[in-house]
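Notes for the structure review
Read off the chains here:
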Amino acid sequence: MAGRARGPGDPGGRATPGAGDPGPDRAPQGHFNLKISILDDYQDALRSLPSFRKLSGREVTIWNDHVEDVPSLAERLKDSDVLVLIRERTAIRAPLLERLPRLRLISQRGAVPHIDVDACTRLGIVVCSAQHSSVPSFATAELTWGLFLAAMRQIPQQMQALRAGHWQAGIGAEVRGKAFGVFGYGRIGAVVAGYARAFGMQVLVWASESSRRRARDEGHQIADDQESFFAESDAVSLHLRLVEATRGIVTAADLARMKSTAVLINTSRAALIAPGALVGALKQGRPGMAAVDVYEREPLTDREDPLLNLPNVVCTPHIGYVTRDEYEAQFSQIYDQILAFEAGAPIHVVNPPALLLAR
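Everything in this summary refers to the structure shown in the same document.

Calculation rules
Residues numbered from 1 in each chain as written. Predicted model: local features only at pLDDT ≥ 70, side-chain atom pairs only at ≥ 80, totals over all residues. Heavy atoms only, no water. Buried < 20%, exposed > 50% of the residue type's maximum accessible area, 1.4 Å probe, protein only. Helix = DSSP H or I, 4+ residues; strand = E, 2+ residues; numbered from the N terminus. Pairing = 2+ DSSP bridges. Right-handed = clockwise from strand over helix to strand, strands pointing away. Salt bridge = Lys/Arg side-chain N within 4 Å of Asp/Glu carboxyl O. Contact = heavy atoms within 4.5 Å. Axes fitted to C-alpha atoms, helices over the stretch in contact; angles between N-to-C directions. Disulfide = S-S within 2.5 Å. 1 Å grid on protein atoms, 1.4 Å probe; cavity = no way out; pocket = protein on both sides within 12 Å on 5 of 7 lines; lining within 4 Å. Points joined across faces, edges and corners; volume = space filled by probe spheres on them. Nonpolar A, V, L, I, M, F, W, Y, C, P; charged D, E, K, R; others polar. Phe/Tyr/Trp six-rings, centres within 6.5 Å; stacked < 30°, edge-to-face > 60°. Lys NZ or Arg CZ within 6 Å of the ring centre and 35° of its normal.

Buried residues dominate strand β6 (residues 126-130), accounting for five of its five residues. As paired strands, strand β5 (residues 105-109) and β6 are joined by five bridges and run parallel to one another. Bridge pairing in β6 links Ile-106 to Val-127. Since β5 and β6 lie parallel, the crossover through helix α3 (residues 117-123) that links them has a hand, and here it is right-handed.

Below, the structure is given as structure tokens:
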């Protein structure tokens, strides 16, 4: 079946059967053979990580494509006891959960806005997720800075020109001495602000009141308001959580206030920007450039998408946290969650009441 891979027990790619398979009926929690499914491993990378050995001897199914259709997902996952998610790539809601009578555990790392936790609790499905609330994603912060430099120095465009036989197409700009705007001063925003300072830039922050106080205490300048923040920044990097209050918080009017030489960087969430506003603003020349890693619909495979075809945009396919180092840290914790659940002592439980109803 397209997009499917099996492992880790058999190098030939076949499923590894476990002894004492409880069959299709629900089994009591404890030492039993868990059937584990992992969704959305686009690069088929997980089996190459050292941490994957933690699942040795268990039956694991890895899906390398992306499916959103509920009936198709239900068919894929119908025999699964454990579902492993890679961040927020697939939404897990009640209509799907109600069609998975075997499912006992959802294991992942990070926030859980894409999981219907209430439905999981009602159905006796335990959700485990290490929140790592004090640790920033350095991988995302590093990509943010890489995208910014690539846009300012027109690195993708220069590469394309060189491959086409042209020497020095266009001219880039330096970053030193310019104003780098950080919208949202959380864990990642603070790290990116530190990178900007190291490059000799002035850091300008706009965020919640408590975050503005922290940024001021750490020596950064605070914008007077959101309007002046966009108008004064030579670059604006978005580092906000996507909740109802922040959905569409960056408006077309905000973008129109940006300089024609400025760059908008988004490695957070596409929906922080009003739908269609970024494409429209780039076509109008304010901001002059964008560097984006996130999109309104993912995975983005439409080669005709406007963002992919604008000459003043640097695009990457949501790889902010996709590094071997980050994956190893994430999945080592995820697999520990599975082993703890298997042993009857679950960790990082998001919905403790589900333990009383656990399948």
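Here the focus is the pattern of salt bridges. Counted under the stated rule, the structure contains 15 salt bridges. One salt bridge connects Arg-213 with Glu-209, and the closest N-O pair in it is separated by 3.5 Å. Taken together, the residues Arg-213 and Glu-209, both in helix α7 (residues 209-217) and four residues apart, mark about one turn of the helix. Among the residues examined, Arg-213 registers a relative accessible area of 44% and is labelled partly exposed. For Glu-209, a relative accessible area of 53% corresponds to the exposed category. The partner of Asp-234 in a salt bridge is Lys-259, with the nearest N and O atoms 2.9 Å apart. Separated by 25 residues along the polypeptide, Asp-234 in the loop between α8 (226-232) and β10 (235-238) and Lys-259 in the loop between α9 (252-256) and β11 (263-266) bring together distant segments of the chain.

Burial along strand β2 (residues 35-38) is two-sided: the residues Lys-35 and Ser-37 and Ile-36 and Ile-38 are all buried. The pairing of β2 with strand β3 (residues 59-63) spans four bridges and is parallel. Opposite Ile-38, over in β3, you have Ile-62 as the bridge partner.

Attention now moves to the side chain of Gln-330. With respect to the helices and strands, Gln-330 occurs in helix α12 (residues 324-342). By relative accessible area, Gln-330 is classed as buried at 1%. Excluding its chain neighbours within four sequence positions, the residues that come into contact with Gln-330 are Arg-87, Arg-109 and Tyr-321.

What follows covers the sheet that holds strand β12 (residues 289-292). Taking strand neighbours across the sheet as the criterion, the seven strands line up as β9-β8-β7-β10-β11-β12-β13 in an open arrangement whose pairing is parallel. Single-partner strands in this sheet number two, and they are β9 (221-222) and β13 (313-315). Across five bridges, the pairing between strand β7 (residues 179-183) and strand β8 (residues 202-206) is parallel. Bridge pairing links Gly-181 to Leu-204 in β8. This element, helix α4 (residues 138-152), spans β7, β10, β11, β12 and β13 of the sheet and lies at about 155° to β11.

Below, the discussion takes up the state of the cysteines. A complete count under the given rule lists zero disulfides for this structure. Cys-120 takes part in no disulfide bond, and the closest cysteine sulfur, belonging to Cys-128, lies 11 Å away. Residue classification places Cys-128 among the buried positions, given a relative accessible area of 0%.

Take the layout of surface pockets next. What the second largest pocket holds in volume is close to 280 Å³. Surrounding the second largest pocket, 19 residues form its lining, Tyr-295, Glu-296, Arg-297, Asp-305 and Leu-307 being those nearest its centre. Among the elements of the structure, α10 (277-284) and α11 (306-309) are those that each provide at least two residues to the lining of the second largest pocket. Residue composition of the lining of the second largest pocket, grouped by class: twelve nonpolar, three polar and four charged.

Per the counting criterion, the structure on display carries twelve aromatic pairs. Taken together, a centroid distance of 5.9 Å and an interplanar angle of 80° make the contact between Phe-183 and Phe-230 edge-to-face. In this pair, Phe-183 sits in strand β7 while Phe-230 sits in helix α8, placing the two residues 47 residues apart along the sequence. In this pair, the class of Phe-183 matches that of Phe-230, namely buried. Ring centres 6.5 Å apart and planes at 35° place the aromatic pair Tyr-321 and Tyr-327 in the tilted group. Grouped by ring-pair contacts, the aromatic residues Phe-52, Tyr-321, Tyr-327, Phe-331 and Tyr-335 constitute a single cluster. Sitting over the face of the ring of Tyr-321, Arg-87 holds its NZ or CZ atom 4.5 Å from the ring centroid. Arg-212 extends its terminal NZ or CZ atom over the ring of Trp-206, reaching a point 4.3 Å from the ring centre.

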